[in-house]
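# Structural overview for review
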Amino acid sequence: MSSNNVQQSGLKRLFPLLANENVNMKKEIIAGITTFLTMAYIIAVNPNILSKTGMDAGALVTATCFSAALGCFLMGLIANLPFALASGMGLNAFFAFTVVLKGGISWQTALTAVFCEGIIFIFLTLFKVREAVVNSIPENMKHAVTGGIGVFIAFVGFSGSGLIVLNESTKVSMGHFSPAVIISFIGLILIAILDKKNVRGSILYGIVLSSLLAWGYALINPAHAKELGIYLPSGVFKYESMMPVMGKLDFNLFTNFKMFGNLFVIVCTFLFVDFFDTVGTLIGVCSKADMLDENGNVPNVGRALMADAIATTAGAALGVSTVTTYVESSTGVIAGGRTGWTAITTGFLFLISMFFSPIFISIPGCATAPALIYVGYLMLSSVKNIDLHDILEGVPSFITITTMALTYSIGDGLTLGILSYVLINLFYNLFSKKEDRRHVSWVMIILGALFIVKLLFMS
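Residues numbered from 1 in each chain as written. Predicted model: local features only at pLDDT ≥ 70, side-chain atom pairs only at ≥ 80, totals over all residues. Heavy atoms only, no water.

Helix and strand counts for the protein chain come out as 20 helices and four strands. Across its three principal axes, the protein chain shows a C-alpha extent of roughly 70 × 70 × 60 Å. Put simply, of all contacts in the protein chain between residues at least 6 apart along the chain, 80% involve residues at least 24 apart. Positive and negative charge centroids in the protein chain, built from 26 and 24 side chains respectively, lie 2 Å apart. (Helix = DSSP H or I, 4+ residues; strand = E, 2+ residues; numbered from the N terminus. Contact = heavy atoms within 4.5 Å. Lys, Arg positive; Asp, Glu negative; His and termini not counted. Charge placed at Lys NZ, Arg CZ, Asp CG, Glu CD.)

Counting across every chain of the model gives zero disulfides. With no disulfide of its own, Cys65 lies 11 Å from the sulfur of Cys72, the closest cysteine sulfur. (Disulfide = S-S within 2.5 Å.)

Moving on, we come to unusual backbone geometry. Negative phi values dominate among residues other than glycine, just as trans dominates among peptide bonds. Its identity is not glycine, yet Asn80 carries a phi of approximately 55°, on the positive side. Classification of Asn80 by relative accessible area gives buried; the value is 14%. A positive phi angle, near 55°, is found at Asn300, a position not held by glycine. Here Asn300 shows up in the loop between helix H12 (257-288) and helix H13 (301-318). (Buried < 20%, exposed > 50% of the residue type's maximum accessible area, 1.4 Å probe, protein only.)

Let us now look at helix H19 (residues 410-430). For H19, which comprises 21 residues, the first-to-last C-alpha distance of 30 Å matches the rise-based estimate of 30 Å (1.5 Å per residue) to within 8%. Residue Ser409 occupies the N-cap position of H19, its side-chain oxygen lying 3.0 Å from the main-chain nitrogen of Asp412. (Expected span 1.5 Å × (residues − 1). Polar contact = N/O pair within 3.5 Å; in protein donor to acceptor, adjacent residues only side chain to side chain.)

With that settled, consider the pairing of strand S3 (residues 171-174). Here four bridges tie strand S2 (residues 164-167) to S3, and the two strands are oriented antiparallel to one another. The partner of Leu166 across the bridge, within S3, is Val172. Connecting S2 to the antiparallel partner S3 that follows it, the hairpin turn spans three residues. (Pairing = 2+ DSSP bridges.)

What follows deals with the side chain of Thr38. Mapped onto the fold, Thr38 is located in helix H2 (residues 25-39). Only 2.8 Å separates the side chain of Thr38 from the backbone oxygen of Thr35, close enough to count as a polar contact. Side-chain polar atoms of Thr38 contact the side chain of Thr331, separated by 3.1 Å. Every residue in contact with Thr38, bar those within four places of it in the chain, is listed here: Ile207, Glu328, Thr331, Thr368 and Ala371.

Looking now at the environment of Thr281. Position of Thr281 relative to the elements: it lies in helix H12. Using a relative accessible area of 1% as the deciding quantity, one classes Thr281 as buried. Thr281 sits 130 residues away from Gly411 along the chain, and the two C-alpha atoms are 9.1 Å apart. With residues near it in sequence (within four places) discarded, Thr281 still touches Ile149, Thr325, Tyr326, Val327 and Ile410.

One pass over the structure, following the stated rule, counts three salt bridges. Note that Lys128 and Glu131 form a salt bridge whose closest N and O atoms lie 3.8 Å from each other. A relative accessible area of 21% places Glu131 in the partly exposed class. The partner of Arg438 in a salt bridge is Asp390, and the shortest N-O contact between them spans 2.9 Å. With Arg438 in the loop between H19 and helix H20 (442-457) and Asp390 in the loop between helix H17 (365-380) and helix H18 (391-406), this residue pair connects regions lying 48 residues apart in the sequence. With a relative accessible area of 17%, Asp390 lands in the buried category. (Salt bridge = Lys/Arg side-chain N within 4 Å of Asp/Glu carboxyl O.)

Residues Leu423, Phe427, Leu430, Phe431, Ile452, Val453, Leu456 and Phe457 make up a contiguous nonpolar surface patch of roughly 890 Å² in combined accessible area. For the nonpolar patch, the elements supplying multiple residues, two or more each, are H19 and H20. According to the relative accessible area criterion, Leu456 is exposed, its value standing at 61%. (Patch = residues over 30% accessible without salt bridge, like charges linked within 9 Å, V, L, I, M, F, W, Y side chains within 5 Å. Areas by Shrake-Rupley, 256 points an atom, 1.4 Å probe, with all protein chains shown as cover.)

It is at 11 Å that the axes of helix H8 (residues 139-161) and H19 come closest, and there the two elements cross at 145°. Considering only the axes of H8 and H19, their crossing is right-handed. Of H19, the residues touching H8 (which contributes Met141, Val145, Ile149 and Phe152) are Ile410, Leu414, Gly417, Ile418 and Tyr421. Of the residues in the contact of H8 with H19, the class split is eight nonpolar, one polar and no charged. (Axes fitted to C-alpha atoms, helices over the stretch in contact; angles between N-to-C directions. Left-handed = near helix turned anticlockwise from the far one by under 90°. Nonpolar A, V, L, I, M, F, W, Y, C, P; charged D, E, K, R; others polar.)

Note that Thr62 resides in helix H4 (residues 57-79). Residues within four places of Thr62 in sequence aside, it is in contact with Tyr239, Glu240, Met242 and Met354.

The next subject is the nonpolar core. Judged by nonpolar contacts, the single largest core of 115 residues is most densely connected at Ile43, Phe95, Phe350 and Ile418. If we skip the residues at most four places from it in the chain, Ile43 touches Phe36, Val61, Thr64, Cys65, Phe350, Ser353, Ser357, Phe360 and Ile361. Tyr217, Ala218, Ala225 and Ile230 belong to the second largest nonpolar core, which has eight residues in total. (Core = buried A, V, L, I, M, F, W, Y, C linked by side-chain atoms within 4.5 Å.)

Running from N to C, helix H3 (residues 42-50) and H4 cross one another at 135°; their axes reach a closest spacing of 9 Å. The pairing of H3 with H4 is recorded here as oblique in orientation. For the crossing formed where H3 meets H4, the hand is right-handed. Counted together, Ile42, Ile43, Asn46, Pro47 and Leu50 of H3 and Ala57, Leu60, Val61, Thr64 and Cys65 of H4 form the full contact between these two elements. A breakdown of the residues in the contact of H3 with H4 according to their chemical character gives eight nonpolar, two polar and no charged. (Parallel < 35°, antiparallel > 145°, perpendicular 65-115°, else oblique.)

Below, the structure is given as structure tokens:
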């Protein structure tokens, strides 16, 4: 073999994206655009949340876009998977409201906690700890995670449209049938009809139509549109420097024992939430897309987790909260994305949006809601693969599916599902004959023990 061929072979092993053959680039690009549009809200939401800590909002827009692009490029290049990354919702709220505002920790120290979390994740990934966790989850539970994510993102979609609203008495209730709700359902109907007709990019068309209708309504009735969270683009071009938040890590806390103790708890919390949000997303989306291998495992899972870990570490250095794999990636997968080119496309759009953020951040929730609702419906179909007649598998699967939406957290749903699986099966084995006992892996048992500690002392 020539040295040139050896070099090419080495590059393909390092970057599996280069080994792709017969890729439908049109489908991958449409999938990447679809994923981006469903998660572009983070460009506006993340700076809005983090800026409450005193961080510069303009710098956060650029840092959010750049860290997301970096994460997407890593996922596409080294894992060859169609998953996009960005600063995680929930994790950014924990960063701002719990750690900084309530805990009295400076945002520089909070960024340091995120940085430490990323470093720990890199080592956990190198030693295949995270990979072992992903692969140890039983087949039925993997289908349950897919269905649970489906219910979860559909709930996010219904909330974004305004159809489901907060109610102090009943927790949630149906909202008013506002123009935003009507726009969402027009988009949903379009997606369903186009998908039934096998039109490629149906989800993307639904988002575009809903956005145009929303902006049209903002022209007609700007006051009411503002109440519904619909805004016209404030401009076309805008760029802000990252320097006010970039490289602001504070390592002096390691010399303060009391501060270090608080940091340890914060890092552990970030670890738990990010770890199982990512695990749940990888398993659920791959399962829905029939991307699991013959053993039911996520392909290149170690590389995917490494991309996630590096992106988190780099994101903290750039000035944003934990970067994680986004469940909205499922919209791109449903649209046909199967390789890293989907993630690369999403990453380029995040880079572009650093300069055209007014357009992208003006895509309203009622425009992305149809995509989330429809993908939720598609992902819920995996429930048919669960043996619900087997109580030992069915009950933990049911708990996983329902609690993901009811706790508004993929990580919490997976936590409760795995814990219930371990406890139900272990107690069943305790009172059963040897030949009737179910095998429960040591990895699952260790996870169950860790979850009990988390729920008792870290919740």
